[in-house]
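# Structural overview
The lines below spell out each chain.
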Amino acid sequence: MHQDADAASAPTDARAPLAGVPVALKLNIATTAMPTDCGSRILEGYVSPYEATVTRKLRAAGAVVFAKTNMDEFAMGSSNEHSAWGPVRNPVDPERVPGGSSGGSAAAVAAGIVRIALGSETGGSVRQPASFCGLTGVKPTYGRVPRYGLVAFASSLDHVAVFGKEVDDAALGLQVIAGHDPRDATSVDRPVPDYRAEAGKPLKGLVVGRPREYFPSSLDPRVVELCDRALDRLKAQGAEVRDVSLPNTDLAIPVYYIIAPAEASSNLARFDGVRYGARRTGDGLAGMYEATRSRGFGPEVTRRILLGTYVLSAGYYDAYYRRAQEVRELITRDFANVFASGVHVLLTPTTPTPAFRIGAVSDPYAMYLNDIFTATANLAGVPAMSVPMGLIEGLPIGAQLIANHFDESTMFRAAYALERALGAEAHS
Ligand code: GLN
């Protein structure tokens, strides 16, 4: 963790919503006083000349932005084992991963260093670590929170997202960073409701969907049991639970692992030793590019760039990239249909398993399957969050709540109710 010793020196208004509250940011969110190296050698020592909109909003709200947290290189990973600066350990069990790619931010909250931390999400990088570390993690609707100053991985899937110790911490953090920003062309100009006003609201009339595709027969029965307990608790609070279907869910991983690398291969072209990145010398201009990029990027980032360049290349574009965009539209329509049928929020597991041991998952494809329940919400742009729902062999695991575009409020209403109804059961 990098720290800014002067972070607390600016005077703040004691009435500001985050007055004096320490907040940690992932290493891909721009700050001027600390590095923004994205966990990559290629950006070693890089300090941004400007701050991200979310960083400025946090400071304006009185927050003490004092630390930057480790991450999988360029946010590619689900375990935080792919950082140039070494792995992050899970404070719940230091032999295990905290999840990724925002593992450092998750660990900072789980260890009690901060109650609120920012991460980023392209396919689940806040919800999955929240599930593994026993925290709340919220990915807002695409366009709700400005991305200006978030280093791009896959621009159509990237979001700034929030970790909170409890639901209310995440709601407060999101409240402060949400809203329109003219510097981000995908930012949406819509009023931001008061998310914290959802605390304690009754659930009568709320329809919760249980999508069958998120409960495949291969899923650990203990995960199913914990989800059904969570659904029962919501029912006891007045919600109605309905079985629903999102038929294209199983296509999310193949589609995500075409679109995300394709966009990454384009976004990461700027790290060439000229525009950005620590330059290494080689034979001529081409040799310089080659030395800079092959020594600067780690193996997972290299794999994604190669994959992305391949699916975008002439002759393969139609077969892979265009096809993936079409299927992405089907996944988006699945959500639209289920919400149009009168369902307000969906409840699923966030992850198929609790945190695994460091080094236990070495096959890249097995690692990609960590995003199986989370990547859908990034592809569709709908808001989603993870809330602790219990333990399996002493390890936390989260319930995921997914709502319709810009309906974070309903999602928070369900999350507050679930947290209250589960009480100590969520952590036991
Ligand atoms: N685990 C996914 C990946 O490796 C998601 C990462 C993210 O959300 N940033 O691409």
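Thresholds, definitions, all that
Residues numbered from 1 in each chain as written. Predicted model: local features only at pLDDT ≥ 70, side-chain atom pairs only at ≥ 80, totals over all residues. Heavy atoms only, no water. Buried < 20%, exposed > 50% of the residue type's maximum accessible area, 1.4 Å probe, protein only. Helix = DSSP H or I, 4+ residues; strand = E, 2+ residues; numbered from the N terminus. Pairing = 2+ DSSP bridges. Near = heavy atom within 4 Å. Polar contact = N/O pair within 3.5 Å; in protein donor to acceptor, adjacent residues only side chain to side chain. Areas by Shrake-Rupley, 256 points an atom, 1.4 Å probe, with all protein chains shown as cover. Nonpolar A, V, L, I, M, F, W, Y, C, P; charged D, E, K, R; others polar. Disulfide = S-S within 2.5 Å. Contact = heavy atoms within 4.5 Å. Axes fitted to C-alpha atoms, helices over the stretch in contact; angles between N-to-C directions. Phe/Tyr/Trp six-rings, centres within 6.5 Å; stacked < 30°, edge-to-face > 60°. Lys NZ or Arg CZ within 6 Å of the ring centre and 35° of its normal.

As a further point, take the pairing of strand E10 (residues 384–392). Here E10 lies mainly inside the structure; 8 of its 9 residues are buried. One ladder, built from 3 bridges, connects strand E5 (residues 136–139) with E10; its direction is antiparallel. Bridging across to E10, Val138 finds its partner in Met385. Bridge analysis of E10 against strand E11 (residues 395–403) gives 8 bridges, and the strand direction is antiparallel. For Ser386, the partnering residue across the bridge sits in E11 and is Gln400. Between E10 and E11, which pair antiparallel and follow one another directly, the connecting turn spans 2 residues, one of which, Glu393, has a positive phi of 50°.

Attention shifts here to the site of the ligand. Inspection of the region around the ligand gives 15 residues, with Thr122, Gly123, Ser125, Tyr256 and Arg304 positioned closest. A distance of 2.7 Å separates an oxygen atom of the ligand from a polar side-chain atom of Ser125. Within the side chain of Tyr256, a nitrogen or oxygen atom sits 2.7 Å from an oxygen atom of the ligand. When isolated, the ligand has an accessible area of 290 Å², and the protein chains bury 100% of it. Taken together, the residues of the shell around the ligand sort by class into 5 nonpolar, 7 polar and 3 charged.

Turning our eyes to something else, we now look at the state of the cysteines. Applying the stated rule across the entire model yields 0 disulfides. For the unlinked cysteine Cys133, the closest cysteine sulfur is that of Cys227, found at 18 Å. Of the residues examined, Cys133 reaches a relative accessible area of 5% and is grouped as buried.

Further remarks concern the sheet that holds strand E9 (residues 345–349). Reading across the sheet, the 11 strands line up as E1-E3-E2-E4-E6-E5-E10-E11-E9-E7-E8 and stay open at both edges, with mixed pairing between neighbours. Edge strands, defined here as strands with exactly one partner in the open sheet, are strand E1 (2–3) and strand E8 (240–244). When strand E7 (residues 207–211) meets E9, the two strands line up parallel, connected through 2 bridges. From the neighbouring strand, Val208 faces E9, where its bridge partner is Val345. The sheet contacts of helix H12 (residues 408–422) involve E5, E9, E10 and E11, and relative to E10 the element is tilted by about 15°.

This brings us to helix H4 (residues 167–177). Within H4, 9 of the 11 residues are buried, which leaves the element mostly enclosed by the surrounding structure. Among all positions of H4, only Val167, Asp169, Ala170, Ala171, Leu172, Gly173, Leu174, Val176 and Ile177 are buried. The positive-phi residue at the C-terminal boundary of H4 is Gly179, with phi of around 125°.

The final tally for this structure, using the stated rule, is 16 aromatic pairs. Taken together, a centroid distance of 5.8 Å and an interplanar angle of 90° make the contact between Phe132 and Phe356 edge-to-face. Residue Phe132 is located in helix H3 (residues 127–133), and its partner Phe356 is located in the loop between E9 and helix H10 (364–368); the two are separated by 224 residues in the primary sequence. Across the pair, Phe356 and Phe132 agree in class, each one buried. For the cation-ring pair, Arg210 lies above Phe215, with the distance from its terminal atom to the ring centre recorded as 4.0 Å.

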